[in-house]
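# Structure assessment
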Amino acid sequence: MGLLTDLSAALSPRPLDRRTRGKLLAASQRMIPLAALAGVAVPVLITLGFQQSVALDALWIWTVEMLVLSALTFLVHMRYRKERRHMPPAEHTARWWPRMRLLAAAIGLGWASAGLLHAHAVSSEFTVVLFVLMLAVLAVASSTYAAVPGSLVLCAAPVLLAAFLVARLTFPEQIAYVTVLVFFYAGLLAYHALSIHRTLCREIALERGSRRLARRFYEERQRALEASEEKSRFLAAASHDLRQPVHALVMLVEALRARNRSDDLHPLVEQVAAGTQTIDLLFSSLLDLSKLEGRKQLPQLVPCDITALIDEVVNQFAADARVNGLTLRGNRPAQLVALAEPVMLRRALYNLVQNALRYTPDGGVIVRGRLRADEVRIEVWDTGVGIASTHTAEIFSPYFQVENAHRDLSQGLGLGLAIFRECVRLMQGQYGVRSVPGRGSVFWFSLKLAPAALSEAARQHGKAPDTPVFAGTILVVDDDRQVRDAWLALLKAWGVTVQCVDDGTGADAALAGGLRPHVILCDLRLPGQENGLQLMERLHAAYPAAHVALLSGDPKSRAFLEAEEAGYVVLTKPIDMDGLRVLLRRWLPSPEGQATVR
């Protein structure tokens, strides 16, 4: 009953769309050239081998019939392939679906006509061969037309009828048993064909589903890329306005550092300066994030002072540790410098320390840096809850939290260690964890050791700079009052005579009033029709003795690139104070009898 149900379902009209029909039709056509070849080879071999066993004229008539049918089958198949290349798929399927059914019926009738040779046979051996031939044709048809059950029925039905008649005439005394065997054999072939048909339909459905998923993935990917590009365009457009407050903050802190004369306040001022440098670094990284998105550009690795970083991190989290009743201390050599990207390095270590403090109910945390061969290894030890060995491979996955199965947002998002892993990977480092449940964990990562010369440069860069004392006059043109106030505070603290104006008109008035600056600093974006580059070129042409520099928070702007190509000095906001000191030492006269003071 199950076989009959399947056969009935296969033969009844099914809601197959033309695309599916086209694929099933193409699958059935793959075997047609082989069937046409069999239609030539088998009749020829039978004619050559059994000329004495059957009437020769009847044998030749059947052989010629099969040769003509095979040639016609091959020509029809070639026509099918040719039109498939040039005709729209839906139109091609609608055209060839009924044609191939007619072809299958013709092939079935051609093979079934071999049963008529039984009437002309003169030996029992030939009739047995004829019966076996009918069964073989049924087997080949079940494979050839399995993709299209309707065509299979049209081809196999006349052959099955012919095989039954030949069996009845050849085995009259065993007809009951032979009939059962013939139809049982036919049932097996039908089940085999239906299995192939179902498999093909599933494959077509899976292929279509895969294409839909691929199309959706492509569309989602395009939307994500467009969103990323839109964000990058926004950051590029807004970078000038966003950089201005940070630019002013950096200069004000530098002015505070220059004016401070109190030994008691000196450590506090240096902490504020270090914090401002961190803000500057993180902010610049945010505005330049598009360079790393999509991994189109790997981060540039520079020497980083690990000793200073460990001290900074310990000081940063000391208050949090005390509030929770924990101890937090660093353990590092006097000098340890690794090749890393500063923002990623800081983020990686911050995340490890935050994670350790969060999962340590009592005891403490140690941040340790040490040298191992040609690598710098940074470790964070804690006496926390520990991690079971079954989870150590998963904890670096995004959103994974061992003790937050219900996704309580108050316990974080589970992204800290995933970000840590990505930072270390981009810095070409290694990472890992060792843990004992109930006793604590050790998270570590290793980076390449910086060469000796670069290490010394990084260590000197980390020192608090001396406050310079300059002479001379500087004209600053900037439309942001907060930035102008910061320039006044900074340059006056450095001993410079400074005048700040907000546009080209103000600059012209100051120069007309007798101001003769040694240095002119122009912001790129100014109100009115004249931008900073145009104003700087005009003033430099009028006062060639003055040194000029352009300031901008948008390093990708056309004017910024034009200034660089023209050979002008271009400073990017927020300005690097060390670079500014070097520049002013070259451009401003040194005061007689004065030295740099702390």
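Structure's up top.
Here the structure is a predicted model, which means the values were calculated and not measured.

What follows is about the environment of Leu-352. Within the fold, Leu-352 resides in helix H11 (residues 342-358). In this structure the C-alpha to C-alpha distance between Leu-352 and Val-380, which are 28 residues apart in sequence, comes to 6.8 Å. Residues in contact with Leu-352, not counting those within four places in the same chain, are Val-380, Leu-417, Phe-420, Phe-443 and Phe-445.

Moving on: helix H6 (residues 124-144). The end-to-end C-alpha distance of H6, which contains 21 residues, comes to 30 Å, matching closely the 30 Å that a straight helix rising 1.5 Å per residue would cover. Of all the residues in H6, the buried ones are Phe-126, Thr-127, Leu-130, Phe-131, Leu-133, Met-134, Leu-135, Val-137, Leu-138, Ala-141, Ser-142 and Thr-144.

All right, on to the nonpolar core then. Counting residues in hydrophobic clusters, the biggest one holds 53 residues, and the most contacted among them are Trp-62, Trp-111, Leu-117 and Leu-133. Contributing elements (two or more residues each) for this core: helix H2 (18-29), helix H3 (32-49), helix H4 (56-86), helix H5 (89-112), H6, helix H7 (149-170) and helix H8 (175-259). In this structure Leu-117 touches Val-54, Ala-58, Leu-59, Trp-62, Phe-126 and Leu-130, once residues within four positions along its chain are discounted. Among the nonpolar cores identified, the runner-up in size contains 40 residues, and Leu-326, Ala-348, Val-424 and Leu-426 belong to it.

A separate point is the pairing of strand E10 (residues 519-523). Here E10 lies mainly inside the structure; 5 of its 5 residues are buried. Of the two faces of E10, both are covered, the one formed by Val-519, Leu-521 and Asp-523 as well as the one formed by Ile-520 and Cys-522. The pairing of strand E8 (residues 473-477) with E10 spans 4 bridges and is classified as parallel. Across the sheet, Ile-474 pairs through a bridge with Val-519, a residue of E10. Looking at chain direction, E10 and strand E11 (residues 547-552) are connected through 5 bridges and run parallel. Bridging across to E11, Ile-520 finds its partner in Val-548. Of the crossover connections in this fold, the one passing from E10 over helix H16 (residues 532-542) to the parallel E11 is right-handed.

Right, let's talk about the environment of Ser-446 for a bit. Mapped onto the elements, Ser-446 comes out in strand E7 (residues 440-448). Ser-446 gets classed as buried once you look at its relative accessible area, which sits at 5%. With 77 residues separating them in the primary sequence, Ser-446 and Gly-369 have C-alpha atoms 9.6 Å apart. With sequence-adjacent residues up to four places away left out, Ser-446 is seen in contact with Glu-375, Val-376, Arg-377, Gly-429 and Gln-430.

With that settled, consider the packing of H6 against H7. The N-to-C vectors of H6 and H7 enclose an angle of 160 degrees; their axes lie 9 Å apart at closest approach. Viewed along their axes, H6 and H7 adopt a mutual orientation that is roughly antiparallel. In this structure, H6 meets H7 at a crossing whose hand is left-handed. Residues Thr-127, Val-128, Leu-130, Phe-131, Met-134, Val-137, Leu-138, Ala-141 and Ser-142 of H6 touch H7, and the partners they reach there are Leu-152, Cys-155, Ala-156, Val-159, Leu-160, Ala-162, Ala-163, Val-166, Ala-167 and Thr-170. Grouping the amino acids of the contact of H6 with H7 by side-chain chemistry returns 16 nonpolar, 3 polar and no charged.

It is worth spelling out the packing of aromatic side chains at this point. Scanning all chains against the criterion turns up 9 aromatic pairs. Ring plane angle 65 degrees and centroid distance 6.3 Å describe the contact between Trp-62 and Trp-111, whose orientation is recorded as edge-to-face. Note that Trp-62 is positioned in helix H4 and Trp-111 in helix H5, a separation of 49 residues in sequence. An identical accessibility class is assigned to Trp-62 and Trp-111; each is buried. Ring geometry for Tyr-80 and Trp-96: centres 5.7 Å apart, planes at 85 degrees, overall edge-to-face. Placement of Tyr-80 in helix H4 and of Trp-96 in helix H5 is noted, with a sequence separation of 16 residues between them.

Spatially, 5 strands are ordered E2-E4-E5-E7-E6 in an open sheet, and the strand pairing comes out mixed. At either margin of the open sheet sits one strand with a lone partner, and together these are strand E2 (327-331) and strand E6 (430-436). Adjacent strand axes in the sheet meet at a mean angle of 15 degrees, parallel and antiparallel pairs treated alike. Judged from the 7 bridges that link them, E6 and E7 form a sheet pairing that is antiparallel. Among the inter-strand pairings, Val-436 is bridged to a residue of E7, identified as Gly-440.

Another aspect to go through is the sheet that holds strand E9 (residues 497-501). Strand order in the open sheet made by the 5 strands is E9-E8-E10-E11-E12, with parallel pairing throughout. In this open sheet, the two edge strands, each paired with only one partner strand, are E9 and strand E12 (569-572). The mean angle between the axes of side-by-side strands here comes to 20 degrees, regardless of whether they run parallel or antiparallel. Helix-sheet contacts for helix H14 (residues 481-493) involve E8, E9, E10 and E11, and the interaxial angle to E9 is about 175 degrees.

Moving on, we get to unusual backbone geometry. Backbone geometry at Ala-373 places phi at a positive 55 degrees, although glycine is not the residue there. Counting through the fold element by element, Ala-373 comes out in the loop between strand E4 (364-372) and strand E5 (375-382). In this model, Gln-428 sits at a positive phi of 60 degrees, which is unusual for a non-glycine residue. Assignment of secondary structure puts Gln-428 in the loop between helix H12 (416-426) and E6. Looking at Gln-428, the relative accessible area reads 44%, which means it is partly exposed.

Criteria and thresholds
- Residues numbered from 1 in each chain as written.
- Predicted model: local features only at pLDDT ≥ 70, side-chain atom pairs only at ≥ 80, totals over all residues.
- Heavy atoms only, no water.
- Helix = DSSP H or I, 4+ residues; strand = E, 2+ residues; numbered from the N terminus.
- Contact = heavy atoms within 4.5 Å.
- Expected span 1.5 Å × (residues − 1).
- Buried < 20%, exposed > 50% of the residue type's maximum accessible area, 1.4 Å probe, protein only.
- Core = buried A, V, L, I, M, F, W, Y, C linked by side-chain atoms within 4.5 Å.
- Pairing = 2+ DSSP bridges.
- Right-handed = clockwise from strand over helix to strand, strands pointing away.
- Axes fitted to C-alpha atoms, helices over the stretch in contact; angles between N-to-C directions.
- Parallel < 35°, antiparallel > 145°, perpendicular 65-115°, else oblique.
- Left-handed = near helix turned anticlockwise from the far one by under 90°.
- Nonpolar A, V, L, I, M, F, W, Y, C, P; charged D, E, K, R; others polar.
- Phe/Tyr/Trp six-rings, centres within 6.5 Å; stacked < 30°, edge-to-face > 60°.

Limitation: the analysis is restricted to geometry and does not speak to function.
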